[in-house]
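Geometric and topological summary
One letter stands for each residue in the lines below.
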Amino acid sequence: MIGLISATAAGAAARDRLAAAWPDRTRVYDGPVGNAVRRAFAECEQLVCFLATGAVVRLIAPLLGGKASDPGVVCVDEGGRFAVSLVGGHGGGANELAREVGELLGAEPVVTTATDAVGVPGLDTLGLPVEGAVAAVSRALLDGEPVALHNESRWPLPPLPVAGEGAYGIRVTDRLVEPLPEREVVLRPPTLVVGVGASKGAPVEEVLELIEGSLREAGLSPKSIAHLATVDAKAQEPGIVAAAERLGVPLVTHSAEELAAVAVPNPSDAPLAAVGTPSVAEAAALVHGGELLVPKRKSAAQPAMATCAVVRRPARGRLAVVGLGPGARDLLTPRAKAELQRASVLVGLDQYVDQIRDLLRPGTRILESGLGAEEERARTAVAEAREGRAVALIGSGDAGVYAMASPALAEASDDIDVIGVPGVTAALAAAAILGAPLGHDHVSISLSDLHTPWEVIERRVRAAAEADIVVTFYNPRSRGRDWQLPKALAILAEHREPATPVGVVRNASRPDESARLTTLAALDPATVDMMTVVTVGNTATRDIAGRMVTPRGYRWQEGAE
């Protein structure tokens, strides 16, 4: 919950805008400001104070306990010009909150955390439990001192300015090791799956003692548990459910049939009779593969009411397929920006890389190539992810529309994690410029026959023409392909009037954008190139006040004309 505190009418107006935008995330604290701040500090995870920073500093100073427990505090000035991350930039989420508040209120976010200022990811912002000398190692990274990275788990990380050797170190491991005092940070990746079985009514203490003892004896950290796993029949078993809650990890369940198909070293007749599978703990831990580190163990109680097994799941690389939008920076989504900064390897067409090069973190490895190398880029991105890296594969518009998602996913298997990040397509950007040409059913067709036979393309154009669907043509015309667009327009003309509106947009959303509205009869294909999107209306599309509009066809519109 975010506590909102203000002292003046102007502050209250901005406060109320946040409260209206985030009704489920915020709580307004009224009354004397000092009391409001104290109550919010004790009750909320974050605070936004519409007060001077000096006043907030004096109010919260007696309340500060430590960066691991203090809420994140953001200050917004009286004029609404700045959203200042004051306390808890990383741990309390104040840096990101300042950016969110700034975006909503039109204020400039002010973030002074050193790692954020220079583009180095904070070690406490990587989404992994962290132990050790975070401040000292972060300072070494900022000062350019050699910091060694020992990624025992090959876990995908964002780019870090690390060296092979150094006085300071970052270790990524699930082993129960202590970081070297004052010079090492240990990151705990979620590599361990703990399979759990339990008799009805097994106490949570018995389940927890078994899990924690098994990990301790195997030299493994409980902070690296990805989830507990069991059979569906035990999904509501109180002891297992409570153990997962206390460990702060999800509980994942599998059917008895699924578990029965898993080969295990220690099957038993007891679970087969009880829940329909000869193994619960081992099978649940091994169901998605991995290395069995702790075979089935029983709890020490007499009679034993719980079993567990521990598996280290294979490290999985991460491939984010990112759509950059049509070119304008403000049409690049926040999710796309986040993925670009998370990636340690970027793969893309050279001209698209140039669009977003300034957004990449220092140390990002860039693998760029020219036109015609799409399949090579797809294979490269997947290969890099299979090496356990965090990879971003970029494409213009939406990466799933005539772009890199299809070849990449055709190359990938289930041994890597794949994340799709949607982008604004050229068709949508062009449509917004033209008016509302896609107000009813519509289709996009690429006229490039480099990879698709023309016979297939023509069949699709004819189908769209006969179905009276608005058509957006991608890749309409190039120097070597100058007859396909006239042929496609002729096919459409067999089913549409010469006055049918046609929108022509070149370089949508870019500085040299141009757009014009013409007709099916008047369009000169020679004025179109590969940077152009051509949208042909259907029989209902109209030119209304210079805008291309396809009516939605609502019944209440029938009598409006």
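1. Remarks on the side chain of E339
Tracing the backbone through its elements, the reader meets E339 in helix α12 (residues 334–342). With residues up to four places along the chain from it excluded, the contact list for E339 reads R318, A320, V322, A392, I419 and V421.

2. Some words on the sheet that holds strand β16 (residues 318–323)
Pairing in this open sheet of five strands is parallel, and the strands run β18-β17-β19-β16-β20 from one edge to the other. Edge positions in the sheet fall to β18 (365–369) and β20 (417–421), since each of these pairs with one other strand and no more. Strand-to-strand, the axes of this sheet are offset by a mean angle of 15 degrees, without reference to chain direction. Pairing geometry for β16 and strand β19 (residues 390–395), over six bridges, is parallel. Residue pairing across strands places R318 opposite A390, the latter belonging to β19. Lying on the sheet, α12 is in contact with β16, β17 (345–349), β19 and β20; it crosses β16 at an angle near 140 degrees.

3. Some words on the side chain of S224
By secondary structure assignment, the location of S224 is in the loop between α7 (204–217) and β12 (225–231). A residue is classified by how much of its surface remains accessible, and S224, at 0% relative accessible area, is buried. Discounting chain neighbours no more than four positions away, the residues touching S224 are T173, D174, R188, P189, P190, T191 and L192.

4. Points about unusual backbone geometry
Outside of glycine, negative phi angles account for most residues, and trans bonds account for most peptide bonds. Cis peptide bonds are those with omega within 30 degrees of zero, and the linkage from Q302 to P303 qualifies with -5 degrees. Topologically, P303 is positioned in the loop between β14 (291–298) and β15 (306–312). One non-glycine residue, S509, lies in the positive phi region at around 75 degrees. Position of S509 among the secondary structure elements: in the loop between β24 (501–506) and β25 (514–519).

5. Some points on the pairing of β24
Here β24 lies mainly inside the structure; five of its six residues are buried. Bridge count between β24 and strand β26 (residues 532–536): five bridges; the pairing is antiparallel. Paired with V505 across the two strands is V533, which belongs to β26.

6. Let's talk about the packing of aromatic side chains
Going through the model one piece at a time under the given rule, you end up with two aromatic pairs. Arranged with centres 4.7 Å apart and planes meeting at 50 degrees, the rings of Y402 and Y474 form a pair that is tilted. In this pair, Y402 sits in the loop between β19 and α15 (405–411) while Y474 sits in strand β23 (residues 470–474), placing the two residues 72 residues apart along the sequence. For Y474, a relative accessible area of 10% translates into the label buried. Taking the centre distance of 5.0 Å and the plane angle of 70 degrees together, the rings of W454 and W483 count as edge-to-face. With W454 in helix α17 (residues 454–466) and W483 in the loop between β23 and α18 (484–493), this residue pair connects regions lying 29 residues apart in the sequence. Assessed through its relative accessible area of 10%, W454 is described here as buried. One residue, R25, lies across the ring of W22, its end atom 4.3 Å from the ring centre. Across from the ring centre of Y168, 5.4 Å away, lies the NZ or CZ of R183, which sits over that ring.

Definitions and cut-offs
- Residues numbered from 1 in each chain as written.
- Predicted model: local features only at pLDDT ≥ 70, side-chain atom pairs only at ≥ 80, totals over all residues.
- Heavy atoms only, no water.
- Helix = DSSP H or I, 4+ residues; strand = E, 2+ residues; numbered from the N terminus.
- Contact = heavy atoms within 4.5 Å.
- Pairing = 2+ DSSP bridges.
- Axes fitted to C-alpha atoms, helices over the stretch in contact; angles between N-to-C directions.
- Buried < 20%, exposed > 50% of the residue type's maximum accessible area, 1.4 Å probe, protein only.
- Phe/Tyr/Trp six-rings, centres within 6.5 Å; stacked < 30°, edge-to-face > 60°.
- Lys NZ or Arg CZ within 6 Å of the ring centre and 35° of its normal.

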